[in-house]
Amino acid sequence: MTAPRSLGDVAEPAADDRCPNCPHPLSAHDAIARRFCTATAAGGFSRGCTCATKPETTE
């Protein structure tokens, strides 16, 4: 079993790992967050992040 990833501390993701919607790397997204962020960007919506993080770190 692998340790869960913490998304609380957001480091600058590699260019090919950037999420089009939030500051978290795509590799750190679970299936729901990846789908939400991808759909948000594709639809041109302006909505928050669903990643499992502390709200104060996702500004």
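Our structure's up above, just so we're on the same page.
Computed from a predicted model, the values in this text were never measured in an experiment.

Thresholds, definitions, all that
Residues numbered from 1 in each chain as written. Predicted model: local features only at pLDDT ≥ 70, side-chain atom pairs only at ≥ 80, totals over all residues. Heavy atoms only, no water. Phe/Tyr/Trp six-rings, centres within 6.5 Å; stacked < 30°, edge-to-face > 60°. Lys NZ or Arg CZ within 6 Å of the ring centre and 35° of its normal. Core = buried A, V, L, I, M, F, W, Y, C linked by side-chain atoms within 4.5 Å. Buried < 20%, exposed > 50% of the residue type's maximum accessible area, 1.4 Å probe, protein only. Contact = heavy atoms within 4.5 Å. Helix = DSSP H or I, 4+ residues; strand = E, 2+ residues; numbered from the N terminus. Expected span 1.5 Å × (residues − 1). Arc of directions from axis to C-beta. Polar contact = N/O pair within 3.5 Å; in protein donor to acceptor, adjacent residues only side chain to side chain.

Enquirer: Got a minute to help me understand the packing of aromatic side chains in this structure?
Expert: The way to describe two aromatic rings as a pair is by their centre distance and the angle between their planes. Scanning the entire structure with this criterion turns up zero aromatic pairs. Cation over ring: Arg47 sits above Phe36, and NZ or CZ is 4.3 Å from the ring centre.

Enquirer: I tried to follow the nonpolar core on my own but got confused; where do I start?
Expert: Inside soluble globular proteins, nonpolar side chains tend to come together where they are buried. Of all hydrophobic cores here, the largest spans six residues; its members are Cys19, Cys22, Leu26, Ala33, Cys37 and Cys51. Those residues within four positions of Ala33 in sequence are excluded, and the remaining contacts are Thr50 and Cys51.

Enquirer: In this structure, what is going on with helix 1 (residues 31–43)? I would like to understand it.
Expert: One full turn of an α-helix is made of 3.6 residues, so residues set three or four places apart face in the same direction. Relative to the 18 Å expected for 13 residues at 1.5 Å per residue, helix 1 spans 18 Å between its end C-alpha atoms, a close match to the ideal helical length. Restricting attention to buried positions, one finds in helix 1 the residues Ala33, Cys37 and Thr40. In a view along the axis of helix 1, the buried residues occupy a sector of 60°, so they form one face of it. Turned more than 90 degrees away from the buried face of helix 1, the exposed residues are Ala31, Ile32, Arg35 and Ala42. Here helix 1 starts with a cap whose side-chain oxygen sits 3.2 Å from the backbone nitrogen of Ile32, and that cap is Asp30. Looking at the residues trailing helix 1, positive phi occurs at Gly44, about 70°.

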